[in-house]
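Working through the structure, step by step
This is what each chain is made of:
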Amino acid sequence: MGRMGDFLYGIEPMFWLKLILLLLIVTLLAIAFNAVMRRWLKVDKKTFSSFDHVNERHRKIDWVIRFSFIGVLFFGAFTNVTRDPMDRIWFLETHILVFALIIATEGVRAIMKKRYAENRNDHIYTILQLVFLSIVTISMFTTNFFGWF
């Protein structure tokens, strides 16, 4: 038997502190961005829920997208697990598919808000949130989390 912390073997001592600090910074940036955009576009504060549907049609489309992505996730996982680790299909990786799911569901939400929402700026707010999230996520992954990891 090893020491109590052997399960953390190989993890940099400051890893957890850096991770918590990075998540805190990104969360604060997102909160500030949302507050500024809500005030600027005069949009009401929304609940933090992915099940906030504009109407019944939006709910049905959203669930079709979600169930489709579950199937694609299983297919992608099975396909990549059976391949050589150096020969994996990048667009079937779980993190890429989850990012695509977020883009698809939020894109549909923006379209439905443009067509059916009472406030004409609701869809702009949704699109700006999606763009902000995409920029932050892509920049974190392409810069190795801003050089912290």
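Residues numbered from 1 in each chain as written. Predicted model: local features only at pLDDT ≥ 70, side-chain atom pairs only at ≥ 80, totals over all residues. Heavy atoms only, no water.

Before going further, it helps to spend a moment on the nonpolar core. Phe 33, Met 37, Leu 41, Val 43 and Tyr 125 together form the largest nonpolar core, which totals five residues. When residues of this core are assigned to their parent elements, the largest contribution, three residues, is made by helix α1 (residues 15-41). Not counting chain neighbours up to four residues away, the residues in contact with Tyr 125 comprise Asn 34, Met 37, Arg 38, Leu 41 and Val 43. (Core = buried A, V, L, I, M, F, W, Y, C linked by side-chain atoms within 4.5 Å. Buried < 20%, exposed > 50% of the residue type's maximum accessible area, 1.4 Å probe, protein only. Helix = DSSP H or I, 4+ residues; strand = E, 2+ residues; numbered from the N terminus. Contact = heavy atoms within 4.5 Å.)

The next subject is the packing of α1 against helix α4 (residues 122-142). Running from amino to carboxyl end, α1 crosses α4 at an angle of 155°, the nearest separation of the two axes being 10 Å. In terms of axis orientation, α1 runs roughly antiparallel to α4. As for the relative orientation of α1 and α4, their crossing is right-handed in sense. The segment α1 lies against α4, with Leu 22, Val 26, Leu 29, Ala 30, Phe 33, Asn 34, Met 37, Arg 38, Trp 40 and Leu 41 engaging Ile 124, Tyr 125, Leu 128, Gln 129, Phe 132, Val 136 and Met 140. When the residues that make up the contact of α1 with α4 are grouped by side-chain class, the tally is 14 nonpolar, two polar and one charged. (Axes fitted to C-alpha atoms, helices over the stretch in contact; angles between N-to-C directions. Parallel < 35°, antiparallel > 145°, perpendicular 65-115°, else oblique. Left-handed = near helix turned anticlockwise from the far one by under 90°. Nonpolar A, V, L, I, M, F, W, Y, C, P; charged D, E, K, R; others polar.)

Nothing here speaks to function; it is geometry throughout.
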